[in-house]
Each structure stands twice: as structure tokens, then as C-alpha cells.
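Here is how the chains run, residue by residue.
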Amino acid sequence: MTKRWTLQDARAHFSQVVEAAQDEPQFVTKWGEEKAVVLSAEEYLRLSGVGEDPKKVLEEMPDVDVDLDWARQWPMRDIDL
């Protein structure tokens, strides 16, 4: 079961919060509202894709059919470079 820590308890027992985050996310509350989540580094990297091979990330992206017909409504103009 995911543990919820008050901000005061999380501050006082931070090493325990970090240790528990290795198994599952740890929620930190302030005034009864969830304000933060402590995740393991492994879980963060998995969710964010940070550190993955960029080519692999691009290959795994879903195909998106983009309609750019709206852009053709404006006339093109020549520019000198």
C-alpha cells in the first residue's frame, strides 16, 4: 500500500521516504492535500524516457496524421536570401 507522509514527517524521516520509494511511490501531503510524490530514480527514468536512446524513443512514438491544409490558405511570397 502506498504510504502518505505529511510534509513534517517526510522531512523528519527523509531517508525512510527515499528507501520506501524504491518499492513504490511515496506521497507527501501538506494541509491534507497531496503536493509531491517521491519516486525511485529507476521509475522516474522509465516514466520520463530520460537516458533512453533517442532513436528508440522516436521509433516507438505513435504515427500521427497531421493535416496542414489550413496553412495553404495564405499565399506564398518570394523572399531573397
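The coordinates are above.
So, a few notes on the structure that sits alongside this text. Computed from a prediction, not measured in an experiment: that's the story for all the values here.

### A few points about the sheet that holds strand 3 (residues 33-38)
Note on sheets: strands pair through backbone hydrogen bonds, and any given pair is parallel or antiparallel.
Inference 1: Here we have three strands laid out as an open sheet, ordered 1-2-3, and mixed in their pairing. A strand with exactly one partner marks an edge of an open sheet, and here the two such strands are strand 1 (4-6) and strand 3. The mean inter-strand angle of the sheet, taken between neighbouring strand axes irrespective of direction, is 35°.
Inference 2: Relative to strand 2 (residues 26-30), strand 1 runs parallel, the two being bridged by three bridges. Counted as the bridge partner of threonine 6 is threonine 29 from strand 2.
Inference 3: Where helix 2 (residues 14-21) meets the sheet, its contacts fall on strand 1, strand 2 and strand 3, and the angle it forms with strand 2 comes to roughly 140°.

Conventions adopted
Residues numbered from 1 in each chain as written. Predicted model: local features only at pLDDT ≥ 70, side-chain atom pairs only at ≥ 80, totals over all residues. Heavy atoms only, no water. Pairing = 2+ DSSP bridges. Helix = DSSP H or I, 4+ residues; strand = E, 2+ residues; numbered from the N terminus. Axes fitted to C-alpha atoms, helices over the stretch in contact; angles between N-to-C directions. Contact = heavy atoms within 4.5 Å.

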